[in-house]
Amino acid sequence: MRNFIVVILLAVTLTSTQAADRTNFDSNWKFALGDVSGAEQIAFDDSSWRRLNVPHDWSIEGEYSEDNPMGGQCGYLPAGIGWYRKTIDVDPQWRSKHVEITFDGVYMNSTVWANGKKLGNRPYGWSSFTYDISDLTDISDSITFAVRVDNEKQPSARWYTGSGIYAHTWLTVKEKVHVPSDGIFIRTKGNTVRVDTEIINRSAESGRFKLRTSIRDASGKVVTSANQPVALDRDKTGSVNQSMDIPNPSRWSVETPYLYTAVTEVVSSDRVLDRVETRFGVRDLEWKPESGMWLNGKNVKMRGVCNHQDAGALGTAVPDKVLRYRIEQLKAMGCNAIRTSHNPQTPVFYDICDEVGMLVMDEIFDGWMRKANQDYGGRWFNQWWNRDLTDWLRRDRNHPSVVIYSMGNETRGKVGVELVARCHELDPTRPVTSGHSADEAMDILGVNGASEKVGWLDTMNTDKVFIGTENTHTWQVRGFYRSLTWYRDGYPNKKQKPYKTPDLTEKEIFTYDWTDDPGRANGKQRFNSSYDNAMVRLNSRRNIQQLRDIPRYAGSFRWTGYDYLGEAGYVHGGWPFKAFMGGAIDLANFEKDLYYLYQSQWTDEPMVHILPHWTHPVMELGTTIPVWVYSNCDSVELFFNNQSLGKQKPGQAWDEMQCQWMVGWQPGTLKAVGFCDGKPNVEHVIRTADAPAQIALSIDGEPLADSDVDIVQIRVTSEDAKGEFYPYGENRTHFHVTGPATIRALDNGSPIDVEKHFGTTDRIAFYGLTRAYVETTGAEGDVALLASCILGEKKQVTSDKVSIDAKWLALRGNPSTAKTEIFYTIDGSSPSPSSPRYTEPFSVPLGTTVKASIVVDGKAVQTLEERFAEDEGFVWDGGQSTGPVGEQAEDAEYAEANVSANGLGFHGKGYIRFTRNPGGFVQWYQENDGDAGTADLIIRHSGKLNNKNGYELKVSINGKTVDAAVAVPNTDLPGQDWKTVTVEIPIGRGANMIRLTPKFGNGLCIDEILIR
């Protein structure tokens, strides 16, 4: 391939100020859920509508339900149609000006009106767009905007998308002669800055103007400038190319993300008509097949993650402050790159990446064809891709953080050549890749899960730079452990070709789980271990080693950085699972053990981290537990109850990255000490916890500022009476806010907690942690949070003691001085000041419901309730992990068949039985995160066709017949005697639809399919 010498850059859009009249337009919108006739008209009465600020995601505000049309793919939340309206007065100074409204993101299929005039429609939910309203502001005293958002047809993607105006809105006022939106393109090479600027003349007359561009350093000092005359006819657009040199520039890099500002001014007779400020970075970028990416002459490995838009309880309308926290959290993990899977992020995302030094693989599309039933790829891609790609690339091409573009993910089509050509036309400075789509058309080879297979890296194409665009795929639930290795598709597996990861013990030593086997709807519904031993093909440690040691391995993007809503059925079996658990960080921004593995390999600040926790109340004493320590120190010494268990050195090989000691279980204290240059430098201590007895409150990230709208993240930690973390905490915390603030959302990181996030004041803990987001509603006044909890072991496995705790946390200003009292009952009655006052822990028998009233300055502000019983909480003996589990027929799409649970030996909740009627079929959506090729389709069946040897099935993949007459033999007892038949099938990358069509159904039972 040609070596891409990409030297850039580049710019930001959020911080651009155009003629100093670009104003935030987020406040005081009105909203109504549902389709409303006539809501685009000026005179429409919206007085009953809810008033809110955007960004806003109405789906995350709703109830989780197995019946919601979003389904497991999009996280079981509501979708539908929603309307937004906002009326503003027109400033007389806007007359004869250029006025426009910008939407940074609306999901999806939005239509915008102003004073009843349709401004336009944008189907793609991940595009930013702008509408010119100058003709209306010239003649109107006020403008009423109406936005209809249509996300009714579901599923509209393969993951959670949210619904609504989920990003910022802006109102911009300029002179008629101005720089159009995204009309500046800056790139650099060496010390030279090249600036291409578009100027548009919307005035009634032709004119001569001057374009003045000055470059300012971070302190505001002008370091270079250029002036150029411009002649423009009326209603014409001109382009000016300027080149300037910066003496000895400070360069943008991951370690030192230095930003300059280009100040662009359009001048007429010494009057500044327009002024645009664009931040950019000076950097040189080169790609070489043999060694990957070179940034400013330094070989840089892309240590990346893939991320979707949502942030757990906040949905897709992620506040800027939380978004920054998440990007900085990844940076602290050692991550230096993010792939925007599988769509552009909001503009502020790129601004933050520019500022913190985070590289970006900027991805525009998921599929170039249908991948989900009602997605953009199937409904609008052919008509809209060029417009959406053009707007996206012009918006993002100035960001120094953006180093590569990606066109799609696990899709196919000849259009790939056109996509790449359009990118080169708009921005010749960056290479183009994809997530294993139209590889031959791409500048850089991007490969997803196929690159994880044994032997793939030894035989890969060496003519192009290679990036593992989704590598690796592992699963882990925070606080959950299993000592036996788990493979999603089993081991060995001829299709997946996984690497061997040995079991840590001969038999499974951990038993606690979210439910027992009868409580699972199907065998997929299992949590995965935090030992880095649950995967498709290879574990995270081996991926880290490969990226580090193979020179031509330019970068790797694990799937994913954070857990995300949706794709709940694919690996995890569906309801009540609502989320995908592949992140190093969970839905509530709590770090998993995997986070510290990466930190130990990718950062230099000395650290140590012990896993698992050391509280195992039902484990037999003496059971040998693998104790791991992740560390980047020279050596680590582990102490148990102050006795040294020896020193170890973290190794370079994947199976030596963790220091491991096999320690016999007994209660006590584990301490890991990291040594640097022979001296103790850092330590991590964990202790066995008693039953939960209190909560601790703390703030993650920045505290509240003195502003009208700000947000803060509160961490609630379950602790025993001595202040030790209780890792099984699941008691419910109740929240009460005083001052000008409100609870925005509650979360806990659980993939199975389907309680509502919005409009609630209490949440159960998940493995000891709970998250509250509190948002201010005014700039002045003290803000405090009261958190209260009834604590104890739900099943009383070691203790029958109950504690009640109420704690205050000052969020802004002075701490609360309110008098707080607790009253409780254990007989089912409602507590009151005449009930017993809580002073110390007390015992209750199983089956007891404890209720409490929290009284603040004589007023009851919270009512708590917690039940302790055998049927409450998680289980201590959840059974052991099974092998690979099939795709259940009862959860598939089918016709002329009925679901039955009558019988024996079926998997999941039941099976389907075909009727006598013609037209029967059953089909499954199957996601292939590996390479295209062949696989074994194993069909589990039962049934007996009289006077025949069996049934015939037609097997179709993606609408093409693979085998028109697969013989399915009779079984002895329909619905009880189950057999399998195997068919070799072709399977494509990404989305596949597998359909079975019986020639004569008539009693044929299908339990599941398994793809190997």
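Residues numbered from 1 in each chain as written. Predicted model: local features only at pLDDT ≥ 70, side-chain atom pairs only at ≥ 80, totals over all residues. Heavy atoms only, no water.

## Remarks on empty space enclosed by the protein
Empty space among the atoms becomes visible once a probe the size of a water molecule is rolled across them. Tallied over the full model, the rule gives 8 cavities of 30 Å³ or more. Size it by volume and the largest cavity reaches roughly 330 Å³. Along the wall of the largest cavity there are 26 residues; nearest its centre are Arg-488, Asp-489, Lys-524, Val-885 and Glu-887. Going through the elements one at a time, strand 58 (921–928) and strand 64 (1005–1011) are the ones with two or more residues in the lining of the largest cavity. Among the residues forming the lining of the largest cavity, the class breakdown is 9 nonpolar, 9 polar and 8 charged. Of the residues that make up the lining of the largest cavity, three or more belong to each of domain 3 (308–475 + 538–602) and domain 6 (887–1011). Volume-wise, the second largest cavity comes out at about 180 Å³. (1 Å grid on protein atoms, 1.4 Å probe; cavity = no way out; pocket = protein on both sides within 12 Å on 5 of 7 lines; lining within 4 Å. Points joined across faces, edges and corners; volume = space filled by probe spheres on them. Helix = DSSP H or I, 4+ residues; strand = E, 2+ residues; numbered from the N terminus. Nonpolar A, V, L, I, M, F, W, Y, C, P; charged D, E, K, R; others polar. Domains from an automatic or database assignment.)

## What to know about the side chain of Thr-316
Within the fold, Thr-316 resides in the loop between strand 23 (302–307) and helix 2 (320–333). With near-sequence residues (within four places) excluded, Thr-316 lies in contact with Asp-57, Tyr-160, Thr-161, Gly-162, Tyr-166, Gln-309 and Asp-310. (Contact = heavy atoms within 4.5 Å.)

## A few points about the packing of helix 5 (residues 381–396) against helix 6 (residues 415–426)
Following both chains from N to C, one finds helix 5 and helix 6 inclined at 25 degrees, their axes separated by 10 Å at the closest point. When the interaxial angle is binned, helix 5 and helix 6 end up roughly parallel. Where helix 5 crosses over helix 6, the handedness of that crossing is right-handed. Of helix 6, the residues touching helix 5 (which contributes Phe-381, Trp-385, Asn-386, Leu-389, Thr-390, Trp-392 and Leu-393) are Val-415, Glu-418, Leu-419, Arg-422, Cys-423 and Leu-426. Tallied by class, the residues present in the contact of helix 5 with helix 6 amount to 9 nonpolar, 2 polar and 2 charged. (Axes fitted to C-alpha atoms, helices over the stretch in contact; angles between N-to-C directions. Parallel < 35°, antiparallel > 145°, perpendicular 65-115°, else oblique. Left-handed = near helix turned anticlockwise from the far one by under 90°.)

## Re the confidence of the model for the protein chain
Low pLDDT means the predicted coordinates in that region are not meant to be read closely. With 98% of its residues at a pLDDT of at least 70, the protein chain reaches an overall mean of 95. Within the model, pLDDT remains below 50 along residues 1–20, and this stretch shows 113 contacts once partners closer than five positions in the same chain are excluded. (pLDDT = per-residue confidence, 0-100.)

## Regarding the pattern of salt bridges
Where charged atoms of side chains with opposite charge meet at close range, the side chains can pair. Using the criterion set out here, one finds 70 salt bridges in the structure. As a salt-bridge pair, Lys-30 and Asp-46 come within 3.3 Å of each other at their nearest N and O atoms. Taken as a pair, Lys-30 in strand 3 (residues 29–33) and Asp-46 in the loop between strand 3 and strand 4 (50–52) lie far apart in primary sequence, 16 residues in all. A salt bridge links Asp-391 to Arg-387, with the nearest nitrogen and oxygen atoms 3.3 Å apart. With Asp-391 and Arg-387 both in helix 5, this residue pair falls 4 residues apart, about one helical turn. Judged by relative accessible area, which is 23%, Asp-391 ranks as partly exposed. (Salt bridge = Lys/Arg side-chain N within 4 Å of Asp/Glu carboxyl O. Buried < 20%, exposed > 50% of the residue type's maximum accessible area, 1.4 Å probe, protein only.)

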